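# Observations on the model geometry
Below are the chains, spelled out letter by letter.
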Amino acid sequence: MAHTAREGDDTVEFFDSPEVVDEKVTKLAEWIRQASHFISFTGAGISTAAGIPDFRSGMHTVLETGPGAWELRAKGKKRSSKRKVVSTVQALPTPTHMMMLQLCQNGILKGVISQNTDGLHRRSGLHKQELFELHGNSNLEVCRSCHREYLRDFRTRSAAKVHDHLTGRNCDDPHCRGKLKDTIINFGEDLPEDVLEKSFEHGEKADLCLAMGSSLTVTPAADIPKVHTSLQDDFGKEAFLSCCCVYLLCSPLLDCRKEG
């Protein structure tokens, strides 16, 4: 929300030189080769390349999508028409989304845990058994009675009230005809227990977590990489447990003064 927008030094964006990027990518590739249970954790930052604005980027961000939605709201500003922005329905999966799909198809990536509601992971072809959408999917609605899923090519949420999730449509099953609801999780609402439980199970099993495009500040979702990294202390230095963060701004899992 707007009150969580960043201020001052917290909006500074960090960049590595091409040489440092090459060095880090080589190290990450080696970690992936060594990992037995590799997972990824994604946030809004991976979809800015698709034209979907994030939430926390500052007013002077280098991103073509411009400042984050909550940053604009906090400043009382509107997004410039010059910014390259598309709706989530028009957006296409980015090379990052497709990279994760290929890694899953090759059996290398064991699971993708995402805070995103834009549906791009599902649109990339990622199977729902490998994807854990903690905050829902704007294109997905579910029957309240039989739990049958309907993946649409439009935004399913139409309710005006925050905690009203009925879409006005009904289940196609003639023996059910239950009411459909959107799957979006708004602030103050509980995350789906089954998705959250499976996500934490993956986090606890993982020996490598690649966190991309997330500030890692919205809990309980952001606790999953933190649970993973906390295992290092329990298992000692000999255990191979790593978390790699890819994010323009500072993250709680990084010492930005040290890294910057």
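See above for the structure.
Here's what I pulled together on the structure shown here. This structure is a prediction, so every number in the text was calculated from the model and none was measured. Every chain's residues receive numbers from 1 upward, in the order its sequence appears when written. Confidence filtering applies because this is a predicted model: local features only for residues at pLDDT of at least 70, side-chain atom pairs given and counted only at 80 or more, and all residues used for totals across whole chains, interfaces and linings. Note: side-chain values were computed over all heavy atoms of the structure, leaving out hydrogens and water.

What follows concerns the overall build of the protein. Helix and strand definitions here come from DSSP, where helices need a minimum of 4 consecutive H or I residues and strands a minimum of 2 consecutive E residues; each element is numbered from the N-terminal end. Helix and strand counts for the protein come out as seven helices and nine strands. Sorting the 260 residues of the protein into buried and exposed places 43% on the buried side. Taking as baseline every contact in the protein between residues at least 6 positions apart, the subset at least 24 positions apart corresponds to 62%. In this description, accessible areas are obtained by the Shrake-Rupley approach with a 1.4 Å probe, and a residue is regarded as covered only by the protein chains that are shown. Looking at the protein as shown, the accessible area adds up to about 14500 Å², and 51% of this sits on carbon and sulfur atoms. A 1.4 Å probe rolled over the protein chains alone gives each residue an accessible area, and that area as a share of the maximum for its type sets the label: buried under 20%, exposed over 50%, partly exposed in between. Any pair of residues with heavy atoms lying within 4.5 Å of one another is described as a contacting pair.

This paragraph deals with the pattern of salt bridges. Any carboxyl oxygen of Asp or Glu that lies within 4 Å of a side-chain nitrogen of Lys or Arg is treated as forming a salt bridge with it. The final tally for this structure, using the stated rule, is nine salt bridges. In this structure, Arg 33 and Glu 30 form a salt bridge, with 2.9 Å as the shortest nitrogen-oxygen distance. Remark: Glu 30 and Arg 33 occur in helix α1 (residues 18-34); sequence separation between them is three residues, near one turn of the helix. Its relative accessible area of 33% is what places Glu 30 among the partly exposed residues. Across the pair Glu 149 and Arg 122 runs a salt bridge whose closest N-O atoms are separated by 3.8 Å. Residue Glu 149 is found in strand β5 (residues 149-151), and its partner Arg 122 is found in helix α4 (residues 120-123); the two are separated by 27 residues along the sequence. Here Glu 149 falls in the partly exposed class, since its relative accessible area comes to 35%. Each of Arg 122, Lys 128 and Glu 149 takes part in a single network of salt bridges with overlapping partners.

Moving on, we get to the sheet that holds β5. Pairing between the strands of a sheet is mediated by backbone hydrogen bonds and can be parallel or antiparallel. Ordered in space as β5-β4-β7-β6, the four strands form an open sheet in which the pairing is antiparallel. This sheet does not close on itself; its edge strands, each paired only once, are β5 and β6 (166-170). Taken over all neighbouring pairs, the strand axes of this sheet differ in orientation by 30° on average, direction set aside. Bridge analysis of strand β4 (residues 140-143) against β5 gives three bridges, and the strand direction is antiparallel. Each bridged residue has a counterpart across the sheet, and for Leu 140 the counterpart in β5 is Leu 151. Strand pairing follows a simple DSSP-based rule, namely that at least 2 bridges must link the two strands. Each axis is a line fitted through C-alpha atoms, and for a helix only the stretch in contact is used; angles between axes span 0 to 180 degrees, taken between their N-to-C directions.

To continue, consider helix α5 (residues 193-205). To estimate how far a helix should reach, multiply one less than its number of residues by 1.5 Å. In this model α5 runs 18 Å from its N-terminal to its C-terminal C-alpha over 13 residues, within 8% of the 18 Å that 1.5 Å per residue would give. Turning to α5, its buried residues number three or more, namely Val 195, Leu 196, Ser 199, Phe 200, His 202 and Gly 203. Down the axis of α5, the smallest arc covering the buried residues is 155°, so these residues share one side. Residues of α5 that are exposed and point over 90 degrees away from its buried face: Glu 193, Glu 197 and Lys 205. Directions pointing from the helix axis toward each C-beta atom define the arc.

Among the residues of helix α3 (residues 95-105), those classed as buried are His 97, Met 100, Leu 101, Leu 103 and Cys 104. Buried positions in α3, seen along its axis, are confined to an arc of 165° and lie on one side of it. Seen from the buried face of α3, the exposed residues on the opposite side, beyond 90 degrees, are Pro 95 and Gln 105. Contact partners of the buried residues in α3: β1 (38-42), β2 (109-114), α4 and β8 (208-212). Of the residues trailing α3, Gly 107 is marked for its positive phi of about 75°.

Here the focus is the pairing of β8. Counting buried positions along β8 gives five out of five residues, so the element sits mostly inside the fold. Burial along β8 is two-sided: the residues Leu 208, Leu 210 and Met 212 and Cys 209 and Ala 211 are all buried. Pairing of β1 with β8 involves five bridges; the strand directions are parallel. Residue Ser 40 lies in a different strand from β8, and its bridge partner there is Leu 210.

The analysis is restricted to geometry; functional conclusions fall outside its scope.
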